[in-house]
Amino acid sequence: MELAVITLKNTPANQEISRQIRDFHKKKGQPLAIRFSEELTHIILEASCLYLHDPKLLDSTTVIDGHLRKSAGHYEIHPRSKGKTINLHLDSELVAELAQIRSLVSSKTQQEVIRELFIRGMRSYLAEKEEDALAAKSKDPHS
């Protein structure tokens, strides 16, 4: 799984900023890993999504590996290679089916369920196209 990463110089001011970020993650109930470089010169914060009150807390020496996005009342840093977010409008029948599938496979995230549905749907579509092509070929007497 890709992670968003913030690397700060290990200074008392940055230690306080790291604590604020840690506390904000605890408040949101989101996991956050904090570690130090081997030489203890840098603080490294890692999460699938990093949450910040205000990116202005970070100075010019801070290295951010990810995309910064403004959200309602806070900022989020998402991993660089993470896919794009799309708005997908589903009719009520598809939403009900998705909820039913989701309840059956509670170990998977909604994103994993949707990805699997797309993959299976595409395989089914390609198999139907292949069957149609074979049927058309068998009906053609000149082949």
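The shown structure was predicted, so the numbers you read here are calculated from the model rather than taken from an experiment. (Residues numbered from 1 in each chain as written. Predicted model: local features only at pLDDT ≥ 70, side-chain atom pairs only at ≥ 80, totals over all residues. Heavy atoms only, no water.)

### Details of the sheet that holds strand β7 (residues 74–78)
Pairing within the open sheet is antiparallel, and its three strands lie in the order β4-β7-β6. Each end of this open sheet is capped by a strand with a single partner; those strands are β4 (50–52) and β6 (67–71). The sheet shows a mean angle of 25 degrees between the axes of neighbouring strands, taken without regard to direction. Across five bridges, the pairing between β6 and β7 is antiparallel. Opposite Leu68, over in β7, you have Ile77 as the bridge partner. In the packing of helix α1 (residues 12–28) onto the sheet, contacts are made with β4 and β7, and the angle to β4 comes to roughly 110 degrees. (Pairing = 2+ DSSP bridges. Helix = DSSP H or I, 4+ residues; strand = E, 2+ residues; numbered from the N terminus. Axes fitted to C-alpha atoms, helices over the stretch in contact; angles between N-to-C directions. Contact = heavy atoms within 4.5 Å.)

### Comments concerning the nonpolar core
Burial of nonpolar side chains together is a common tendency in soluble globular proteins. Core analysis: the largest hydrophobic core is formed by 12 residues, namely Ala4, Ile6, Leu8, Ile17, Ile21, Ile43, Leu45, Ala47, Leu50, Leu52, Leu58 and Ile77. Within the residue set of this core, elements represented by two or more residues are β1 (4–9), α1, β3 (42–47) and β4. In this view, Leu8 contacts Asn14, Ser18, Thr41, His42, Ile43, Leu45, Leu58 and Thr62; residues no more than four positions away in its chain are not counted. (Core = buried A, V, L, I, M, F, W, Y, C linked by side-chain atoms within 4.5 Å. Buried < 20%, exposed > 50% of the residue type's maximum accessible area, 1.4 Å probe, protein only.)

### A closer look at a negative patch on the surface
Together, Glu128, Glu130, Glu131 and Asp132 make up a region of like negative charge exposed at the surface. Counting through the fold element by element, Glu130 comes out in helix α3 (residues 110–139). On the accessibility criterion, Glu130 (54% relative accessible area) is exposed. (Patch = residues over 30% accessible without salt bridge, like charges linked within 9 Å, V, L, I, M, F, W, Y side chains within 5 Å. Areas by Shrake-Rupley, 256 points an atom, 1.4 Å probe, with all protein chains shown as cover. Salt bridge = Lys/Arg side-chain N within 4 Å of Asp/Glu carboxyl O. Lys, Arg positive; Asp, Glu negative; His and termini not counted. Charge placed at Lys NZ, Arg CZ, Asp CG, Glu CD.)

### Topic: the sheet that holds strand β5 (residues 63–65)
Pairing between sheet strands relies on hydrogen bonds along the backbone, with the strands arranged either parallel or antiparallel. The four strands are arranged β2-β3-β1-β5 in an open sheet whose pairing can be described as antiparallel. Single-partner strands in this sheet number two, and they are β2 (33–36) and β5. Across the sheet, the axes of successive neighbouring strands diverge by a mean angle of 15 degrees, strand direction being ignored. Pairing between β1 and β3: six bridges, direction antiparallel.

### A short note on unusual backbone geometry
Unusually for a residue other than glycine, Leu40 sits at a positive phi of about 60 degrees. Take Leu40: it is sitting in the loop between β2 and β3. You can call Leu40 exposed: its relative accessible area is 54%.

### Observations regarding the confidence of the model for the protein chain
When pLDDT is averaged along the protein chain, the result is 84, and 94% of the positions lie at 70 or above. For the protein chain, the element scoring lowest by mean pLDDT is helix α2 (residues 92–104), at 77; β3 scores highest, at 94. (pLDDT = per-residue confidence, 0-100.)

### Quick word on α1
Taking 1.5 Å of rise per residue, the 17 residues of α1 would be expected to cover 24 Å, and the 25 Å separating its terminal C-alpha atoms lies within 8% of that figure. Buried within α1 we find Asn14, Ile17, Ser18, Ile21, Phe24 and His25. The arc that holds the buried residues of α1, viewed along the axis, is 120 degrees, so those residues lie on one side. Exposed positions of α1 whose direction lies more than 90 degrees from the buried face are Pro12, Lys26 and Lys27. Lining the buried residues of α1 we find β1, β2, β3, β4 and β7. (Expected span 1.5 Å × (residues − 1). Arc of directions from axis to C-beta.)

### Regarding the pattern of salt bridges
What the rule picks out here adds up to four salt bridges. Among the ionic pairs, Arg22 bridges to Asp23, the shortest N-O distance being 3.1 Å. In this structure Arg22 comes out as partly exposed when scored by relative accessible area, which is 31%. For Arg35, the salt bridge goes to Glu46, with nearest N and O atoms at 3.1 Å. Of this pair, Arg35 sits in strand β2 while Glu46 sits in strand β3, placing them 11 residues apart in sequence. Glu46 gets classed as buried once you look at its relative accessible area, which sits at 16%.

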